[in-house]
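Chain by chain, the residues:
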Amino acid sequence: MMLKKIARTMAYIGSIITGFYLFTSAPGFHKREKWQHLTGWDYAHRGLHDNEHGIPENSMAAFQRAVDKGYGIELDVHLTADNQLVVFHDDTLTRMCGINKKISGFLYSYLQQLRLLGTGEGIPLFKDVLALVDGKVPLIIELKVDGSNQNLLCPLVWQLLSGYKGSYCIESFHPFVLQWFKRHQPQVVRGQLSCNFFKENPHCDIVLFLMSNLMTNFFTHPDFIAYKYLDLKNPAVIYNRKLFRIMTVVWTIPGKPTYDRFKGKVDAMIFEGFEP
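Notes on the structure follow. Not measured: the values here are computed from a predicted model.

Moving on, we come to the pattern of salt bridges. For the coordinates displayed, the defined rule picks out 12 salt bridges. With a closest N to O distance of 2.8 Å, lysine 199 and aspartate 231 form a salt bridge. In this pair, lysine 199 is assigned in the loop between β8 (190–194) and α8 (206–212) and aspartate 231 in the loop between β9 (224–228) and α10 (235–244), connecting sequence segments 32 residues apart. Taking relative accessible area as the criterion, lysine 199 reaches 52% and is therefore assigned exposed.

Counted by the stated rule, this structure contains 12 aromatic pairs. Consider the rings of phenylalanine 218 and phenylalanine 219, whose centres lie 5.3 Å apart with planes at 75 degrees: the pair is edge-to-face. Assessed through its relative accessible area of 23%, phenylalanine 219 is described here as partly exposed. Consider the rings of tyrosine 239 and phenylalanine 244, whose centres lie 5.5 Å apart with planes at 85 degrees: the pair is edge-to-face. Across the pair, phenylalanine 244 and tyrosine 239 agree in class, each one buried. Here the aromatic cluster, defined as three or more aromatic residues joined through ring pairs, consists of Tyr71, Tyr259, Phe271 and Phe274.

On to the nonpolar core, then. Leu75, Phe126, Ile141 and Phe181 are the most contacted members of the largest nonpolar core, which totals 52 residues. Not counting chain neighbours up to four residues away, the residues in contact with phenylalanine 126 comprise Leu75, Val77, Leu85, Val86, Val87, Ile141, Val157, Leu160 and Leu161.

Calculation rules
Residues numbered from 1 in each chain as written. Predicted model: local features only at pLDDT ≥ 70, side-chain atom pairs only at ≥ 80, totals over all residues. Heavy atoms only, no water. Salt bridge = Lys/Arg side-chain N within 4 Å of Asp/Glu carboxyl O. Helix = DSSP H or I, 4+ residues; strand = E, 2+ residues; numbered from the N terminus. Buried < 20%, exposed > 50% of the residue type's maximum accessible area, 1.4 Å probe, protein only. Phe/Tyr/Trp six-rings, centres within 6.5 Å; stacked < 30°, edge-to-face > 60°. Core = buried A, V, L, I, M, F, W, Y, C linked by side-chain atoms within 4.5 Å. Contact = heavy atoms within 4.5 Å.

Okay, here's the thing in C-alpha cells:
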C-alpha cells in the first residue's frame, strides 16, 4: 500500500511539473499571415560579411553585399552612452576594434572614429542601415540589452521602425524586449532567441534553464522562435513547432551540407561563412 501511495504521489507531482512546463513554454496562438512574409528567406548573419577579406560583420559593406545578392539580413542593435542606436554584435569593442571596454560606455562621436578589424569600415548607425536596405530585403533585428536598459532601447528602436516601410522582425535573448513590444507594439513580429545554454557551460542556473526551455513564452507570446541549429531536439522546441506550428528560425548555419539538411524543414535560416 505504501509503495502504491508513493507511486500515485510521484505521478501527481510529475503531472503538475509537466503541466507547468507545457504552460510556461507555450507561445500562444498567432495568425500565420502575421509573419509569413518573412519565411522562405535565407538571412545573412551580421550581413554578408567576409572578415578575412575586408568586409567585416555588421558593416555597411556587408549589408550592401547582402542586398545586392538578394539575401535577408540579420543584424544586432546596441545603445550607446548618448542613446544612439548602433549596429554591433559584441558587448565590448575588444574583438572588432581592439579596445577592451563596453560599447555602451562610449558616445557615438567617439565610436564613429573606430574601424572594424582594421578596415575602412566603421560602426554604423541603425538608421543608416535602414536607409541603405530601404525595404529591398527583410531584416531580423536582434536587440542587445545592457543591464536593464530595455525600456529605453525598445522605444528608440520603435521610433525608427515606425517609419520604415520594409519587412522586418525583432528578436532578443532577453524576454523583456519581447514583453515590451507585446505590450506597446503588438503588431511587430517578435521572436525569442535561445539555445541550450548548458552545452558549453554546464552549471546550475535557473534563469538559463528557463530560457533554454522557452519557459518565458507564457508572458511574452513570441511569434517565432530562433533556436541554435545544433539544439533543435530540445523538447520545448519540438513542442512549439509540432503543436503550435510556430515559425522557426535556425541559427547559425555554417555550411552548405547543414543548409541542405534543414532546407524545407524550418521557416527561415540564418547563415554565415558561405553562400546558399
